[in-house]
Amino acid sequence: MSEAVGASSPPVAVLDVSHLPSFGYGHRSLMWWSTLGLMLIEGTAFAIGVMMYFYLRSLAQVWPLNAPPPDLLWGTANTIVLLASMVPNQLAKRAAERGDRRGACLWIWVCLAFAVVFLVLRGFEFAALNVKWYANAYGSVVWLLLGLHTTHIITDTVDTAVLGVLLITGPFEGKRLVDVSENALYWYFVVLSWVPIFAVIYLAPRLQL
């Protein structure tokens, strides 16, 4: 009876996928979609912060409230550092996507150096806002915007450092290069999101709207 059943069973098609890569870049990677979703969520948080700023400004007769505008020096210097960091960031991304572990490792450590310089300058930025976070609504929203962006820089700096160590010491897998590529994508978000925030914090208080 069992032989009859086995003989009547349809053949099972088997697809050999052992030759296919175990990871991919761009939209072929689940990590890419996860990073995209994260950027959408965090971009929304930045947008809400900016809307809060202009809402509070619309309620005030004088803006900034009881404070001069933030000093331009450190904010401008940090903007230059961030924009310059896109060069090694792109080089790390390209090296990762062509499977160059050594090149990806080199450029990701250069990116880490840029991030550390930025964080040091960010400390001077906070000191040059010319208002405390608890002074008034203006101080609170300015510190909120700068603090949100700083939090993103810190988290990505830690992530970059971890990837740099893994590329040197291992354990190394091909998907680590995907992580480098997606880390570079997120860094572009961090850099480009700073441009409107810089305009809000440093330029908007100097304009009569």
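As shown above, the structure is provided for reference.
Residues numbered from 1 in each chain as written. Predicted model: local features only at pLDDT ≥ 70, side-chain atom pairs only at ≥ 80, totals over all residues. Heavy atoms only, no water.

Summing up its helical and strand segments, the protein has six helices and zero strands in all. Each helix and strand of the protein, placed in order from N terminus to C terminus, yields the pattern α-α-α-α-α-α. The buried share among the 209 residues of the protein stands at 40%. Within the protein, counting contacts between residues at least 6 apart in sequence, those at least 24 apart form 83% of the total. Counting every atom, the protein has about 11800 Å² of accessible surface; 71% of that belongs to carbon and sulfur. (Helix = DSSP H or I, 4+ residues; strand = E, 2+ residues; numbered from the N terminus. Buried < 20%, exposed > 50% of the residue type's maximum accessible area, 1.4 Å probe, protein only. Contact = heavy atoms within 4.5 Å. Areas by Shrake-Rupley, 256 points an atom, 1.4 Å probe, with all protein chains shown as cover.)

Moving on: unusual backbone geometry. Residues other than glycine predominantly adopt negative phi, and peptide bonds predominantly adopt the trans conformation. Between Trp63 and Pro64 the backbone carries a cis peptide bond, its omega angle lying at 0°. As for its position among the elements, Pro64 is in the loop between α2 (30–59) and α3 (72–97). At Asn66, a position not held by glycine, the phi torsion is positive, near 50°. Structurally, the position occupied by Asn66 is in the loop between α2 and α3. Take Asn66: its relative accessible area is 80%, and that puts it in the exposed class.

Next up on the list: the packing of helix α4 (residues 101–127) against helix α5 (residues 137–169). For the pair α4 and α5, interaxial distance at closest approach is 9 Å and the crossing angle is 155°. Relative to α5, the element α4 lies roughly antiparallel. Here α4 and α5 pass one another in a crossing that is left-handed. (Axes fitted to C-alpha atoms, helices over the stretch in contact; angles between N-to-C directions. Parallel < 35°, antiparallel > 145°, perpendicular 65-115°, else oblique. Left-handed = near helix turned anticlockwise from the far one by under 90°.)

A few words now on the side chain of His152. Note on placement: His152 falls in helix α5. Residue His152 is classed as buried on the basis of its relative accessible area of 9%. Each residue touching His152, except ones within four places of it in the same chain, is listed here: Glu42, Phe46, Tyr186, Phe189 and Val190.

The next thing to look at is the packing of aromatic side chains. Given two aromatic rings, their pairing is described by the distance between the two centres and the angle made by the two planes. In total, this model carries ten aromatic pairs according to the counting rule given. Centre to centre, the rings of Tyr186 and Phe189 are 5.7 Å apart; their planes meet at 40°, and the pair counts as tilted. Taken as a pair, Tyr186 and Phe189 lie in helix α6 (residues 175–203) at a separation of three residues, close to a single helical turn. No difference in accessibility class separates Tyr186 from Phe189, as the two residues are buried. Among the aromatic residues, those joined into a cluster by ring pairs are Tyr53, Phe54, Trp63 and Tyr138. Stacked on the ring of Trp194, the Lys or Arg Arg122 has its end atom at 4.6 Å from the ring centre. (Phe/Tyr/Trp six-rings, centres within 6.5 Å; stacked < 30°, edge-to-face > 60°. Lys NZ or Arg CZ within 6 Å of the ring centre and 35° of its normal.)

Counted under the stated rule, the structure contains three salt bridges. Between Lys93 and Glu97 there is a salt bridge, with the nearest N and O atoms lying 2.8 Å from each other. In this pair, Lys93 and Glu97 both sit in helix α3, four residues apart, roughly one turn of the helix. For Glu97, a relative accessible area of 37% translates into the label partly exposed. (Salt bridge = Lys/Arg side-chain N within 4 Å of Asp/Glu carboxyl O.)

Function-wise, these values are silent; they only describe arrangement.
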